[in-house]
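Chain by chain, the residues run as shown.
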Amino acid sequence: MIGHVDINSAYVSFERIVNPRLENRPCVVLSNNDGMVVASSKEAKAIGLDLGKPWFELRPHAKRLDLTALSSNYELYQDCSNRVMDVLSRFTPDLSIYSIDEAFFEVSPRIAKDPEAMAALGRDIKDTLRRLIGVPVCVGIAPTRTLAKLSNKTAKKIAAFDGVCVWPATRPKWRHALMSRLPVSEVWGIASRLERRLAGIGITTIADLAAADPVLIRKAFNVVVMRTALELRGMPAIAAEEDRTGKKDQLIVSRSFSEKVTTRDGMRQALSIYAQQASTRLMKHQQVAKILTAFAGISHYTEQIRYPSQMVRLPFPTADPVELTRAAHRLLPQIEEGVKWARAGVMLTDLKPAAVIQPLELFRHAHEDAGIATIIDQVQKKAGREVLGLGWGGMRPGPSWQMHRGMLSKRATTHWDELIVARA
């Protein structure tokens, strides 16, 4: 049996830990540069404030709606997530962290034999996380990961489950009726494009996919969809992913500027920072890249059309920040002074595991073995991203276009000068 734990409205729940005044009030968390809603409380959803709503449209109505909006506080969210996962690890030796707000775990064989024991385990996890961390969660337990995700969603949407759904403990007729009503897009991993393709062969509900011939599904789509169909039947077919964040095909580091960049040196600094961030991610996932594409663009709301890009084939697959930064700078001749550039980024493709790529000594640079990317990452984690960078990426003062977070809450668990003070 596989368990799945998901934090309800995670970003909002994390904010409520450090600011209890937000409880039972409509609250939303905004995307980078305070652009649009990326998380909303159930109170905000109840008045129609769903994900994707632009903040500039909501701002004039915030006071009337008693709405609190907050900038994304990534430092707080990651630290709170780490605390949640630490508590979860007490319940199982086999915890698989899937994202910042959810994780899978294996239920011990002894407990898996008894539906009541599984339900008790789910309630214990839910109550413990609420008591020790302060976050509400839902728990789903089922024979496969896909069904565990579906169970969790069921526990969240149907109040009778009180946040815990043990799939085998429900009646077979009820399960079939539920799966016959739910669209196939409710299944983990089925996006809108795939949903349309499945509809083309008559598969529109979860029950349709579960009943489909796996061999025909594989021929019409791929082995991943076939495994999903098998999992819906209760047959484990998707292995635990210890590190799903490693990119198989590409890695992109890009962000809109809070203030337009109008100089080539400003763009040089942006590309340097993004290339070094890409290097850090590659090193973290033990990957190397053969192709780097640097790009920039102006606002979509102007009549001008300027979206320059430059693809660079690296001499050999690498994750070295020096080489990646040099490659990103190849875009600079296309950057016109005076143009109001709204965004830039780098994309790495043709990724391979670093362990299988060992270039000859003749083609290696001395600085590659120095672990520069790892050193920079370690220093930034301890002292902040602004204290150290490579080349133009470390120039001071820092870039004026950095992410705007005008409604940022306190980073109350990671910064000494922002710790919460409790008064009797």
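Right above here is the structure, for reference.
This structure is a prediction, so every number in the text was calculated from the model and none was measured. (Residues numbered from 1 in each chain as written. Predicted model: local features only at pLDDT ≥ 70, side-chain atom pairs only at ≥ 80, totals over all residues. Heavy atoms only, no water.)

S.K.: I would appreciate a short explanation of the overall build of the protein in the present structure.
M.R.: In terms of helices and strands, the protein carries 16 helices and 12 strands. Relative to its full complement of 424 residues, the protein shows a buried share of 45%. Nonlocal contacts in the protein, meaning residues at least 24 apart in sequence, comprise 67% of its contacts between residues at least 6 apart. About 22,900 Å² of surface is accessible on the protein, with carbon and sulfur atoms providing 53% of the total. (Helix = DSSP H or I, 4+ residues; strand = E, 2+ residues; numbered from the N terminus. Buried < 20%, exposed > 50% of the residue type's maximum accessible area, 1.4 Å probe, protein only. Contact = heavy atoms within 4.5 Å. Areas by Shrake-Rupley, 256 points an atom, 1.4 Å probe, with all protein chains shown as cover.)

S.K.: It is not clear to me how the environment of His329 should be interpreted in this structure. Could you clarify?
M.R.: The residue His329 is located in the loop between helix H15 (321-328) and strand E12 (341-353) in this model. For the pair His329 and Ser272, spaced 57 residues apart in sequence, the C-alpha separation works out to 7.6 Å. Residue contacts for His329: discarding those within four places in its chain leaves Arg268, Leu271 and Ser272.

S.K.: Where do I start with the sheet that holds strand E6 (residues 102-106) in this structure?
M.R.: For sheets, the rule is that strands pair by backbone hydrogen bonds, running either parallel or antiparallel. As summarised here, the arrangement of the 5 strands in space is E5-E6-E1-E7-E8, forming an open sheet in which the pairing is mixed. The sheet terminates laterally at strand E5 (95-99) and strand E8 (164-166), the two strands that pair on one side only. Strand-to-strand twist of the sheet, defined as the mean angle between neighbouring strand axes without regard to direction, takes the value 15 degrees. Of the pairings in the sheet, the one linking strand E7 (residues 137-142) to E8 comprises 3 bridges and is parallel in character. Residue pairing across strands places Gly140 opposite Cys165, the latter belonging to E8. Contacts between helix H8 (residues 145-157) and the sheet are confined to strand E1 (2-7), E5, E6, E7 and E8, with E7 contributing the most and set at about 140 degrees to the helix. (Pairing = 2+ DSSP bridges. Axes fitted to C-alpha atoms, helices over the stretch in contact; angles between N-to-C directions.)

S.K.: Just checking my understanding: could you explain the packing of aromatic side chains for this structure?
M.R.: Ring pairs (aromatic) are described by centroid distance and by the angle formed between their planes. This model, assessed by the stated rule, comprises 7 aromatic pairs. Considering the side-chain rings of Tyr98 and Phe104, the 5.8 Å spacing of their centres and the 80 degrees angle between planes classify their relative orientation as edge-to-face. For the pair formed by Tyr98 and Phe104, the shared burial category is buried. Connected via pairs of aromatic rings, a cluster forms that spans Tyr11, Phe14, Tyr74 and Tyr77. (Phe/Tyr/Trp six-rings, centres within 6.5 Å; stacked < 30°, edge-to-face > 60°.)

S.K.: Explanation requested: unusual backbone geometry in the structure shown.
M.R.: Backbone geometry follows two general trends: most residues other than glycine have a negative phi, and most peptide bonds adopt the trans configuration. Backbone geometry at Ser9 places phi at a positive 45 degrees, although glycine is not the residue there. Its place among the elements puts Ser9 in the loop between E1 and helix H1 (10-18). In this model, Asp350 sits at a positive phi of 55 degrees, which is unusual for a non-glycine residue. By the secondary structure assignment, Asp350 is in strand E12. Asp350 gets classed as partly exposed once you look at its relative accessible area, which sits at 34%.

S.K.: What is the right way to look at H15 in this model?
M.R.: Helical geometry: 3.6 residues make up each α-helical turn, so side chains three or four residues apart lie on a common side. Of all 8 residues in H15, 7 are buried, a share of seventy percent or more. Within H15 the residues assigned to the buried category are Pro321, Val322, Glu323, Leu324, Thr325, Ala327 and Ala328. Capping the start of H15, Asp320 holds a side-chain oxygen 3.2 Å from the backbone nitrogen of Val322, two or three residues further along. (Polar contact = N/O pair within 3.5 Å; in protein donor to acceptor, adjacent residues only side chain to side chain.)

S.K.: Where do I start with the side chain of Glu323 in this structure?
M.R.: Relative to the elements of secondary structure, Glu323 occurs in helix H15. Note on Glu323: relative accessible area 9%, which makes it buried. A distance of 3.2 Å separates a polar atom in the side chain of Glu323 from a polar atom in the side chain of Arg326.

S.K.: Please clarify how the sheet that holds strand E2 (residues 27-30) should be interpreted in this entry.
M.R.: Strand order in the open sheet made by the 3 strands is E3-E2-E4, with mixed pairing throughout. Two strands lie at the open edges of the sheet, namely strand E3 (37-40) and strand E4 (68-70), each paired on one side alone. Within this sheet the neighbouring strands show an average axis-to-axis angle of 25 degrees, counted without direction. Pairing analysis gives 3 bridges linking E2 to E4, with the strands arranged parallel. Each residue of the ladder has a partner; that of Val29, found in E4, is Leu70.

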